[in-house]
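These are the residues of each chain, in order.
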Amino acid sequence: MKEGLGVFLLKISVALYLVANGILGLSSGGDFKTIFQRMKFSGNALNVLVIVASVVALVAGIAILLELFKVELPFLDTLLLIVAIIWAVYIVIEIISWITGGGKENIWHTLQMLAVHFMVLASLLTATKRF
């Protein structure tokens, strides 16, 4: 284990998170449906985006797991970057909608969810070799 236990566990957690979100997205929408709904997509566009993001997440999660077993995949960083960009845009939209909505939600719940989304984004960026 060249990178250390922390990075290894982080990669496993990102992989499992992506695989779970990919499967949930394909079956019921999961986090991706929420993300794209908050971006004001609906109807067929929403369904297509959820399916595409779910497939990308599923493939990226499997690719990370394979990489942990020393199977090199040249497209892994690109997939993770795509998912990270989706997540970063979602975070920005969450912050904007919270500010423009007057912060009517429970601030502690909002901060908790914002922290979770930042942890996911940081994990995605850490799992890539670009950052």
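See the structure above.
The following refers to the structure shown. Keep in mind the model is a prediction, meaning the values are calculated, not measured. All chains use their own residue numbering, which begins from 1 and follows the written sequence. Whole-chain, interface and lining totals are the exception, using all residues; otherwise, since this is a predicted model, local features are given only for residues with pLDDT of at least 70 and side-chain atom pairs are given and counted only at 80 or more. Computation of side-chain values covers all heavy atoms of the structure but excludes hydrogens and water.

Thoughts on the overall build of the chain
This is how the line gets drawn: Strands here are runs of E lasting at least two residues and helices are runs of H or I lasting at least four, both read from the DSSP assignment and numbered beginning at the N terminus. The size measure is the radius of gyration over C-alpha atoms, and the globule rule it meets is 2.2 Å times the number of residues to the 0.38 power. Note on definitions: a residue-residue contact is assigned when non-hydrogen atoms from the two residues lie within 4.5 Å. Methods summary: accessible areas were calculated by the Shrake-Rupley approach with a probe of 1.4 Å, and residue burial reflects only the protein chains presented. A positive count includes Lys and Arg, and a negative count includes Asp and Glu. His and the chain ends are not counted in either. A charged residue contributes its charge at one atom only: NZ of Lys, CZ of Arg, CG of Asp or CD of Glu.
Helices and strands together make up the secondary structure of the chain, namely 5 helices and 0 strands. Counting from the amino terminus, the chain carries its helices and strands in the arrangement α-α-α-α-α. Whereas a compact globule of 131 residues would reach a radius of gyration of roughly 14 Å, the chain reaches 15 Å, a difference of no more than 12%. Expressed along its principal axes, the backbone C-alpha trace of the chain runs to roughly 50 × 35 × 20 Å. A sequence separation of at least 24 residues applies to 70% of the contacts in the chain between residues at least 6 apart. Total accessible area on the chain stands at roughly 7,700 Å², and carbon and sulfur atoms take up 72% of it. A distance of 3 Å separates the average location of the 9 positive side-chain charges in the chain from that of its 7 negative side-chain charges.

Regarding the packing of aromatic side chains
To keep it simple, the criterion reads: Aromatic contacts are taken between Phe, Tyr and Trp rings whose centres are within 6.5 Å, Trp giving its six-membered ring; a plane angle under 30 degrees counts as stacked, one over 60 as edge-to-face, and the others as tilted. Three exposure classes are used, based on accessible area relative to the maximum for each residue type with a 1.4 Å probe and protein chains only: buried under 20%, partly exposed in between, and exposed over 50%.
Overall, the coordinates contain 3 aromatic pairs when judged by the stated rule. Geometrically, the ring pair formed by Tyr17 and Trp87 is edge-to-face, given 5.8 Å between the ring centres and 75° between the ring planes. Placement of the pair is Tyr17 in helix 1 (residues 5-27) and Trp87 in helix 4 (residues 76-100), with a sequence separation of 70 residues. Taking the centre distance of 6.0 Å and the plane angle of 85° together, the rings of Phe32 and Trp87 count as edge-to-face. Of this pair, Phe32 sits in helix 2 (residues 30-38) while Trp87 sits in helix 4, and the two are 55 residues apart along the sequence. By the burial criterion, Phe32 is buried, and Trp87 matches it. Linked through ring pairs, Tyr17, Phe32 and Trp87 together constitute an aromatic cluster.

Things to note about the side chain of His117
Relative to the helices and strands, His117 resides in helix 5 (residues 107-127). The buried category is assigned to His117, whose relative accessible area is 10%. Excluding residues within four positions of it along the chain, His117 makes contact with Trp87, Tyr90 and Ile91.

Regarding the nonpolar core
Cut-off, in case you're wondering: Throughout this description, the term nonpolar core refers to a set of buried Ala, Val, Leu, Ile, Met, Phe, Trp, Tyr and Cys residues connected via side-chain atoms within 4.5 Å.
One finds Leu18, Phe32, Phe36, Ile64, Leu80, Trp87 and Leu124 to be the most contacted residues of the largest nonpolar core, which totals 28 residues. Contributions of two or more residues to this core are made by helix 1, helix 2, helix 3 (43-68), helix 4 and helix 5. Ranked by residue count, the leading element in this core is helix 4, at 9 residues. In contact with Ile64, other than residues within four places in its own chain, are Lys11, Val14, Ala15, Leu18, Leu76, Leu80 and Ala127.

Side note on the side chain of Ser123
The residue Ser123 is located in helix 5 in this model. Excluding residues that lie within four positions of it along the chain, Ser123 makes contacts with Leu10 and Val14.

So, helix 2
Put simply, the rule is: Directions are taken from the helix axis to each C-beta atom, and the arc is the one they span.
Turning to helix 2, its buried residues number three or more, namely Phe32, Ile35 and Phe36. One side of helix 2 holds all its buried residues, which, seen down the axis, span an arc of 90°. Following helix 2 by one or two positions, Lys40 adopts a phi angle in the positive range, close to 75°.

Comments concerning the environment of Gly29
Structurally, Gly29 can be placed in the loop between helix 1 and helix 2. Expressed as a C-alpha distance, the spacing of Gly29 and Leu46, which sit 17 residues apart in the sequence, is 9.6 Å. Leave out the neighbours within four places in its chain, and Gly29 touches Leu24 and Val50.

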